[in-house]
Structures are given as structure tokens and as C-alpha cells.
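Chains, contacts and geometry: an overview
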Amino acid sequence: MSEAYELYVKGKLFMNENKFKEMEHFFVKSAELGNASAMNDLAFYHHKITNDHDKAIKYYKMAIEKKNFNSATNLARLYLDLKQTDESKKWMKLAADNGEVSAMFNYGFLLEKENHLKDACEYYQKAFDLGHTDSGFALVECLINQNLFEKAKEVIFKGLRKKNYEFAYYLDEKEIQKQLSSEESQNTFKLVMDAIRN
């Protein structure tokens with residue numbers, strides 16, 4: 001176990017006891033030795049507890065330089081808290097493009113808010129493919145808003161096959177119903193019943 005990691009673990013123990021002064025001491029030492037998790041947790045502490053946004057930004061950026069892309073998601077949220085949407089989008093996109101699933105969903109939401117529906121759908125799709133259910137719901141809505149009912153139907157069926165019967169809600173959408181063949185209607189009933197039973 002490296003010294004940086006040992007210091008980080010000590011900091012986590014103090015954090016769990018709400019001894020923040022001691023926690024900060026060990027996180028700073030660990031961060032100085034290059035531990036990206038310590039940098040992220042230290043930034044989060046300054047973001048949410050001390051409200052020292054300058055320190056939070058500093059430590060988030062240090063962690064991002066170490067390829068901790070969860071820090072990019074957190075930094076994007078900080079900039080949202082500060083009402084700096086453009087800066088938030090920049091960091092959310094970085095996190096999303098580097099595999100952070102929650103960032104894919106949030107970046108899709110930011111794009112959808114700006115009416116960039118095609119791009120929003122792409123990010124929702126990526127997150128849904130990685131198992132993020134809320135992205136699936138957002139994707140269906142986004143596709144319906146673009147009148148892409150056939151694609152929306154495919155996502156609904158994918159959600160149902162994943163045993164999430166909440167996707168059945170969208171089957172009441174009139175335009176989605178028009179897309180269903182009689183065989184698909186029967187399959188839909190079976191999929192929903194299977195999802196409810198399991």
C-alpha cells in the first residue's frame with residue numbers, strides 16, 4: 001500500500017467520524033503525493049461543506065489532470081451551482097466523453113434544454129446502453145419530441161426486455177401505438193407481465 005493511499009484511508013476514517021479538520025490534513029498530504037481520490041474528496045469537501053469554491057475548483061482540476069473524471073462531473077455540478085452553464089457544460093462533456101455515466105445523462109439534459117435534441121439523444125443512448133435507466137426514459141421522451149416514434153418504440157422494447165415495466169407507460173402514447181403491429185402488441189403484454197412477475 002502506497003503512502004498516498006494510507007494517508008487517504010486515514011482521512012476517510014476521520015471523515016466518517018465528522019472530524020473534518022483531521023480529514024482535511026490527511027487528504028491534503030495524500031493529494032500532495034498524487035492521490036486523485038483525495039483530491040476529489042478534498043474538492044467535494046470545499047464544494048459542499050466549506051463553500052470555498054476556489055479551493056474546490058483547484059482540487060477538482062488537479063484530480064482531473066490525474067484522469068479522475070468523476071471530478072469533472074463534480075466540477076460541472078459546482079459550476080451549475082454557480083450558475084455558470086457554459087463552464088458546466090464543458091466539464092460535463094469531458095466527463096461524459098470519458099465514460100462517466102451520470103455525466104452522459106446530465107450532459108444530455110443540458111443539450112436537450114438548449115434544444116440540441118439529436119445530440120442529447122446520443123448521450124442518453126450511451127448512458128442507457130450502460131444501464132442508466134433514467135437515460136432510457138429521457139431518450140424515449142427526446143425521440144418522441146423529434147417525432148422519431150419508431151426509434152422510441154425500439155427503446156421502449158429494450159427497456160421492457162430489461163424487465164423495467166415502467167417503460168410500458170410510454171405505450172399509451174398515441175403515436176407509439178400506431179407503430180405497434182398486432183404481434184408487437186401481444187409481445188408487449190407478455191413483456192410487461194414478465195417484468196411485473198420478476
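Here the structure is a predicted model, which means the values were calculated and not measured. (Residues numbered from 1 in each chain as written. Predicted model: local features only at pLDDT ≥ 70, side-chain atom pairs only at ≥ 80, totals over all residues. Heavy atoms only, no water.)

1. Some points on the pattern of salt bridges
Keep this limit in mind: The term salt bridge refers to a side-chain nitrogen of Lys or Arg lying within 4 Å of a carboxyl oxygen of Asp or Glu. Strands are runs of DSSP state E lasting at least 2 residues, helices are runs of H or I lasting at least 4, and numbering of each runs from the N terminus. For every residue, the accessible area (1.4 Å probe, protein chains only) is compared with the maximum for its type, and the residue is labelled buried under 20%, exposed over 50%, or partly exposed between those bounds.
Under the defined criterion, the tally for this structure stands at nine salt bridges. In this structure, Asp-41 and Lys-12 form a salt bridge, with 3.3 Å as the shortest nitrogen-oxygen distance. Within this pair, whereas Asp-41 is found in helix H3 (residues 36-50), its partner Lys-12 is found in helix H1 (residues 3-16), the two being separated by 29 residues in sequence. A relative accessible area of 27% places Lys-12 in the partly exposed class. Asp-81 is the partner of Lys-48 in a salt bridge, and the nearest nitrogen-oxygen pair spans 3.7 Å. A residue pair is termed long-range when its members are at least 10 positions apart, and Lys-48 in helix H3 and Asp-81 in helix H5 (residues 69-81) qualify at 33 residues. Residue class for Lys-48 comes out partly exposed when judged on its relative accessible area of 45%.

2. Quick word on the nonpolar core
Operational definition: Throughout, nonpolar core names a set of buried Ala, Val, Leu, Ile, Met, Phe, Trp, Tyr and Cys residues whose side chains join them through atoms within 4.5 Å. Residue contacts are counted whenever heavy atoms from the two residues lie within 4.5 Å of one another.
Leu-75, Val-140, Ile-156 and Phe-167 are the most contacted members of the largest nonpolar core, which has 55 residues in total. If near-sequence neighbours (up to four positions away) are discounted, Ile-156 is found in contact with Val-140, Phe-167, Tyr-170, Leu-171 and Ile-176.

3. A closer look at helix H2 (residues 20-32)
Our working rule: In this scheme, a helix's expected span is set at 1.5 Å multiplied by one less than its residue total. To obtain the arc, one takes the directions from the helix axis to the C-beta atoms.
With 13 residues, H2 extends 18 Å between its outermost C-alpha atoms, agreeing within 8% with the 18 Å of an ideal straight helix rising 1.5 Å per residue. Taken together, the buried positions of H2 are Met-23, Phe-26, Phe-27, Ser-30 and Ala-31. All buried residues of H2 project into a common sector of 135° when viewed along the axis, lining one side. Among the exposed residues of H2, those oriented more than 90 degrees off its buried face are Lys-21 and Glu-32. On the buried face of H2, the contacting elements are H1, H3 and helix H4 (53-65). Of the residues one or two after H2, Gly-34 is the one with positive phi, at around 100°.

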